[in-house]
Amino acid sequence: MKHLIAVAVAVLPLTLVHAADTELANAVAKDYNGRLGALFDHFHRNPELSFMETRTAARLAAELRASGFEVTEGVGGTGVVAIMKNGPGPLVMMRADMDGLPVLEKSGLKNASTAMGKDREGNLSPVTHACGHDVHITSLAGTAQQMAARRSQWSGTLMLIGQPAEERVGGASAMMKDRVWERFGRPDYALAFHVSSDVEAGKIFVTEGSPYSGADTVEILIHGVGAHGASPHRGKDPVMLGAQIVVALQTIISREREPHEAAVITVGSFHAGSKANIIADTAKLQLTVRNESAKTRTMLLDAIKRVAINTARANGVAEDRLPEVKVLDEETPPTLNDPALTRRMKQAWSDKLGAGIFDANYARAGMGAEDFPFFTTKPYIPSVYFTVGGTSKAVLDAAAAGGAPVPSHHSAIFKVEPEPAIRTGVEATVTAMLALMKKPA
Ligand SMILES: [Zn+2]
Ligand SMILES: [Zn+2]
């Protein structure tokens, strides 16, 4: 008897967990087959560029309205805010970005985009969802449907955001400038995810640290003195000076940065001169500078200025012609997952979706940036940004064994498997929201 009770206690919670999991999975699968698959196909065939997502926003708004949300369009340009009030409790926000990229799709998929679109400056180009934002907005529509169907299980306010222009790092701040919190309420918690072609389809990845880095764009304008190429002694060569600055900047990374602190300085553009035998009078460098802490950011930006100016001094440039170092636009802050909230979400995902939901083979590489932290940094809102898998294990394994590489985000051949990505995205988001807005017993 004692033995039997022990077995019953051990088995019961597992059975209940399995039942909850299956119910959500079945409901999402049904919605995918009936609606979301076609919705993804529509978004994939009809991508629009940053800040130009008018038809995308209108379709997303219509889907969210059909699920019973109160929807406002045109927030921060083309942004969409959908609200569902369902009694007392926290305000939980989920964000999905809506924009495509100026890329000609060569994925070979049947629903490959043939769309052309104008950017905000009026330049016409092919447009492709080459970063997977079509997965994000389709999943947002799926989340809306599941949360509406589960009103009896949660209490609080749900805010779903369709954000413009993530790829230009401008959409989130545009919505904030349009006073999104003042108008619709400031979230207690914020969530977002990105699909990744490097993560196994059907799985997710989440870190208690920083899923995305902070980024600044810096321009260095170097003033030289023009001269004949045959008489360098009569000029001050800005190409030579620029080349020295490019090399010297990397000593900031190798000699000044604390080795455990993540940081990148990339000089992505170097423009000077017009002809082989003319010493130019100016050169311009454009840099992307990445950090994961305010301290490192300050160190990098101060050091870049110091290196540029003093390299010019070492070359005899006059004090009134020293390089101009400009940090452009607004900084993109690092995306920092709230550690306590992340642990809470991990527990919820593990309980409801199983410990196998996490892709243990994926590790973040590189220092990509995101504009989601414009929503969560000032004022601070505890947030979790997670990654949803988009590539089958077979393809990932083949690539790891030296086969065809996995198609990179932003490339013409980028593709993910929409069904497992969207279904997992919806299941993970709904699970997180239900945990955050659980109705008091
Ligand atoms: Zn992207
Ligand atoms: Zn993206």
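Given the structure is predicted, the values throughout are model-derived calculations rather than measurements.

Basis of the calculations
The numbers attached to residues start from 1 for each chain and follow its sequence in the written order. Chain A is the first chain written and ligand 1 is the first ligand written, with later ones labelled in order. Two thresholds apply to this predicted model, a pLDDT of at least 70 for residue-level local features and 80 or more for giving and counting side-chain atom pairs, whereas whole-chain, interface and lining totals are computed over all residues. Water and hydrogen atoms were dropped before computing side-chain values, which therefore reflect all heavy atoms in the structure. Secondary structure elements are taken from DSSP: a helix is a run of H or I of four residues or more, a strand is a run of E of two residues or more, and numbering for both begins at the N terminus. Between buried and exposed lies partly exposed: a residue is buried under 20% and exposed over 50% of the maximum accessible area for its type, with that area taken using a 1.4 Å probe on protein chains only. Contact criterion: two residues are considered in contact whenever any of their non-hydrogen atoms come within 4.5 Å of each other. Note that water is not among the atoms used; donors are N, O and S atoms within 2.8 Å of the metal (3.2 Å for Na, K and Ca), so sites may look incomplete. Here a pair means two rings of Phe, Tyr or Trp (six-membered ring of Trp) with centres within 6.5 Å. Their orientation is stacked below 30 degrees between planes, edge-to-face above 60, and tilted elsewhere. Note that the domain bounds reflect an automated or database-derived domain assignment. A quick way to say it: buried area is the sum, across both parts, of accessible area lost when two parts are put together, with a 1.4 Å probe. Salt bridges, as used here, are contacts in which a Lys or Arg side-chain nitrogen is within 4 Å of a carboxyl oxygen on Asp or Glu. Any residue that is not Ala, Val, Leu, Ile, Met, Phe, Trp, Tyr, Cys, Pro, Asp, Glu, Lys or Arg is counted as polar, Gly included; the first ten are nonpolar and the last four charged.

1. A word on the side chain of D31
Next, step 1: For D31, the position within the fold is in helix 1 (residues 2–45).
Next, step 2: For D31, a relative accessible area of 11% puts it in the buried group.
Next, step 3: If sequence neighbours within four positions are ignored, D31 has contacts with L36, G142, Q145 and Q146.

2. Re the coordination of the zinc ion (ligand 2)
Next, step 1: Here the zinc ion (ligand 2) is held by the protein donor atoms C131 (SG), H133 (NE2) and H194 (NE2), which lie 2.1 to 2.4 Å from it.
Next, step 2: Positions of the donor residues of the zinc ion (ligand 2), expressed as sequence spacing, correspond to C-x1-H-x60-H.
Next, step 3: Here the zinc ion (ligand 2) and the zinc ion (ligand 1) are spaced 3.0 Å apart, with C131 acting as a shared donor. Pair noted here: H133 is in helix 3 (residues 133–149) and H194 is in strand 7 (residues 189–200), with a separation of 61 residues, a long-range link.
Next, step 4: Residue H194 is classed as buried on the basis of its relative accessible area of 6%.

3. Thoughts on the packing of aromatic side chains
Next, step 1: The final tally for this structure, using the stated rule, is 7 aromatic pairs.
Next, step 2: Seen in terms of ring centroids, F193 and F386 are 5.4 Å apart; in terms of plane orientation they differ by 40°. Their pairing is tilted. Remark: F386 occurs in strand 15 (residues 383–391) and F193 occurs in strand 7; sequence separation between them is 193 residues. In terms of burial, F193 and F386 fall into one category: buried.

4. Comments concerning the domain arrangement of the chain
Next, step 1: The domains assigned to the chain are domain 1 (2–212 + 335–436) and domain 2 (214–331).
Next, step 2: Averaged C-alpha coordinates put domain 1 and domain 2 at centres separated by 39 Å.
Next, step 3: With 10 residues of domain 1 at the interface, the matching set in domain 2 holds 10 residues.
Next, step 4: With both sides pooled, the region where domain 1 packs onto domain 2 buries about 670 Å², and carbon together with sulfur makes up 54% of that total.
Next, step 5: Of all residues in domain 1, M367, A369 and F374 give up the largest surface area on contact with domain 2, accounting jointly for 67% of the area buried on that side.
Next, step 6: Along the contact surface separating domain 1 from domain 2 lie 1 salt bridge.
Next, step 7: Here E292 ties to R364 by a salt bridge, and the two come within 2.8 Å at their closest N and O atoms.
Next, step 8: Class assignment of the residues belonging to the side of domain 1 that touches domain 2 gives a composition of 5 nonpolar, 3 polar and 2 charged.

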